[in-house]
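One letter stands for each residue in the lines below.
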Amino acid sequence: MALHRFEKGELGHWLRVVADNGEPNAVQTEVPEHVAKALETLRCIESGADGRWVITDKGRLSLRMEEPGAIHLR
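Quantities reported herein were computed from a predicted structural model and do not represent experimental measurements.

Rules used in this analysis
Residues numbered from 1 in each chain as written. Predicted model: local features only at pLDDT ≥ 70, side-chain atom pairs only at ≥ 80, totals over all residues. Heavy atoms only, no water. Helix = DSSP H or I, 4+ residues; strand = E, 2+ residues; numbered from the N terminus. Contact = heavy atoms within 4.5 Å. Areas by Shrake-Rupley, 256 points an atom, 1.4 Å probe, with all protein chains shown as cover. Axes fitted to C-alpha atoms, helices over the stretch in contact; angles between N-to-C directions. Parallel < 35°, antiparallel > 145°, perpendicular 65-115°, else oblique. Left-handed = near helix turned anticlockwise from the far one by under 90°. Nonpolar A, V, L, I, M, F, W, Y, C, P; charged D, E, K, R; others polar. Buried < 20%, exposed > 50% of the residue type's maximum accessible area, 1.4 Å probe, protein only. Polar contact = N/O pair within 3.5 Å; in protein donor to acceptor, adjacent residues only side chain to side chain.

## Observations concerning the overall build of the protein chain
Stage number 1. The helix and strand inventory of the protein chain stands at three helices and two strands.
Stage number 2. Along the protein chain, helices and strands appear, N-terminal first, in the series α-α-β-β-α.
Stage number 3. In the protein chain, the proportion of contacts linking residues at least 24 apart, taken out of those at least 6 apart, comes to 47%.
Stage number 4. When the accessible surface of the protein chain is summed, it comes to about 5,500 Å², and 53% of that surface belongs to carbon and sulfur atoms.

## Things to note about the packing of helix 1 (residues 10-21) against helix 3 (residues 57-66)
Angle between the axes and distance between the axes: these two values describe a pair of packed helices.
Stage number 1. Where helix 1 contacts helix 3, the axes come no closer than 9 Å and their chain directions differ by 125°. Relative to helix 3, the element helix 1 is oriented oblique. Like other packed secondary-structure pairs, helix 1 and helix 3 cross with a definite hand, here left-handed. Contact with helix 1, carried on its side by Leu11, Gly12, Leu15, Arg16 and Ala19, involves Gly59, Ser62, Leu63 and Glu66 of helix 3 and no other residues of that element.
Stage number 2. For the contact of helix 1 with helix 3, a count of residues per class yields four nonpolar, three polar and two charged.

## Some remarks on unusual backbone geometry
Stage number 1. Located in the positive-phi region is Asn25, a residue other than glycine, with phi close to 60°.
Stage number 2. Mapping Asn25 onto the fold places it in the loop between helix 1 and helix 2 (33-41).
Stage number 3. The exposure class assigned to Asn25 is exposed, which follows from its relative accessible area of 82%.
Stage number 4. Phi angles above zero are rare outside glycine, and Arg43 is one such case at about 65°.
Stage number 5. Structurally, Arg43 can be placed in the loop between helix 2 and strand 1 (45-47).
Stage number 6. Overall, the relative accessible area of 63% leaves Arg43 in the exposed class.

## Observations concerning the side chain of Asn21
Stage number 1. You can see Asn21 is positioned in helix 1.
Stage number 2. For Asn21, a relative accessible area of 11% puts it in the buried group.
Stage number 3. At 2.7 Å, the side chain of Asn21 and the backbone oxygen of Thr29 are in polar contact.
Stage number 4. When sequence neighbours within four positions are dropped, the list of residues in contact with Asn21 reads Ala26, Val27, Gln28, Thr29, Val31 and Arg52.

Pasting the structure below:
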């Protein structure tokens, strides 16, 4: 179980931060250690070859489900 209780919209926010950090030449935004550990426990992120966090397929799906146009929100 995750070590962090995510508030509404917080999961999407941190997943977006990790995704944005992975973009070339992106300004790196720090993800708090407890949030990163929770996202890793949820298998939404994993450590990449360069040691930075990358989003997994499950994380990409979670990010898509957080978007305003997600089908379950209609």
